[in-house]
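Structure assessment
Each chain, written out:
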Amino acid sequence: MIAEIFSYSFLLRALIVGLLVSVSASLLGVSLVLRRFSMIGDGLSHVGFGALGVSALLSLQPMAVTIPVVVISAFLLLRVSERSRSGGDSSIALISSSALAIGVIAVSTAGVNTDLNAFLFGSILSVSRTDGVVAAVISAVTLVSYIAFYHQIYATTFDPAFARATGINTGRYTALLSLLTALVIVVGMRMLGSLLISSLIIFPAAVAMKIEKTYLSVSVVAAIESVLAFLLGFFASYLFSLPTGASIVAVHMVLFIFAMVVRGARRGYCK
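The following refers to the structure shown. What you see is a predicted model, and the numbers here were worked out from it, not measured in a lab. (Residues numbered from 1 in each chain as written. Predicted model: local features only at pLDDT ≥ 70, side-chain atom pairs only at ≥ 80, totals over all residues. Heavy atoms only, no water.)

Take the side chain of serine 96 next. With respect to the element layout, serine 96 can be found in helix α5 (residues 85-110). When its relative accessible area of 7% is taken as the criterion, serine 96 is described as buried. Ignoring anything within four residues of it in the chain, the contact list for serine 96 reads Gly43 and His46. (Helix = DSSP H or I, 4+ residues; strand = E, 2+ residues; numbered from the N terminus. Buried < 20%, exposed > 50% of the residue type's maximum accessible area, 1.4 Å probe, protein only. Contact = heavy atoms within 4.5 Å.)

The following block contains the structure:
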């Protein structure tokens, strides 16, 4: 089966893009989940769907419309969440539901040639060469930025006040985090669609936090879990003719349940 997959260029391209986006999303998800910004991923995916719908309606290049709209929305949502923890969730819900409604109306108005299912649930097997290059560039920038500014991101994630006291510009690294998250979501929507892309951000971090305790170990386990879930979901979808995006999310769910069982067993053993 593996040899057959590698014999098709579009399957190999989908595999590479999926692995790159999965690892990038998992690393960003650790900081987002720890800072209680995990719902921003879901909100941005809905904003991206709305932007895709508008681009289809106006016959514009999807990336040219979606990337700037999602990036601007990421800055706005993070700013709202930082200033108002109580009102942040409601603001994200309002924006995401409004964007989703705009996207559905735009796609319906655009005509029958627009595939609504591809926007909502993704179509990883139709990833083009251009999508692959964009995904590789964004993933490389994300990984390099995460490694280069690891200590600053770590300090900003756990204690922004202390980080500012030590001279770290927390606003700069929050902006970097929001920018990278927006770009990864835009690329990842091609894989899982607007309804499932947030799972790439939330699930790996949630699984890793059930198993490990330190920030570094959680980041490593999250990256490993994202790769494992993608590979299992990708091969399962190919073998059993299942939707690729849904299969990947289903594997994430199984791994999360397994992590909960392991954590419960550890607590019982310690007692």
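Val21, Leu200 and Phe234 are the most contacted members of the largest nonpolar core, which has 47 residues in total. For valine 21, the contacting residues outside a window of four places in its chain are Ala135, Ser139, Val184, Val187, Gly188, Met191 and Leu200. Formed by 12 residues, the second largest nonpolar core is a distinct cluster that contains Tyr150, Ile153, Ala208 and Val218. (Core = buried A, V, L, I, M, F, W, Y, C linked by side-chain atoms within 4.5 Å.)

Let's shift gears to the packing of aromatic side chains. In this structure the tally under the stated criterion is 10 aromatic pairs. Centroid distance phenylalanine 234 to phenylalanine 235: 6.0 Å. Interplanar angle 70°. Geometry classified as edge-to-face. Each residue in the set Tyr146, Tyr150, Tyr154, Phe158 and Tyr215 is aromatic and connected to the rest through ring pairs, giving one cluster. (Phe/Tyr/Trp six-rings, centres within 6.5 Å; stacked < 30°, edge-to-face > 60°.)

Even without glycine at this site, serine 59 takes up a positive phi of about 60°. Mapped onto the elements of the fold, serine 59 is located in the loop between α3 (38-57) and α4 (62-83). Among the residues examined, serine 59 registers a relative accessible area of 66% and is labelled exposed. Phi at serine 241 takes a positive value of approximately 55°, unusual for a residue other than glycine. Considering the arrangement of structural elements, one finds serine 241 in the loop between α12 (215-240) and α13 (244-270). Residue classification places serine 241 among the exposed residues on the basis of a relative accessible area of 68%.

The next thing to look at is the packing of helix α10 (residues 170-192) against helix α11 (residues 198-211). For the pair α10 and α11, interaxial distance at closest approach is 8 Å and the crossing angle is 105°. Here α10 lies roughly perpendicular to α11, going by the angle between them. Judged by residue contacts, Thr181, Ile185, Met191 and Leu192 of α10 engage Ser199, Leu200 and Ile201 from α11. For the contact of α10 with α11, the per-class residue count stands at 5 nonpolar, 2 polar and no charged. (Axes fitted to C-alpha atoms, helices over the stretch in contact; angles between N-to-C directions. Parallel < 35°, antiparallel > 145°, perpendicular 65-115°, else oblique. Nonpolar A, V, L, I, M, F, W, Y, C, P; charged D, E, K, R; others polar.)

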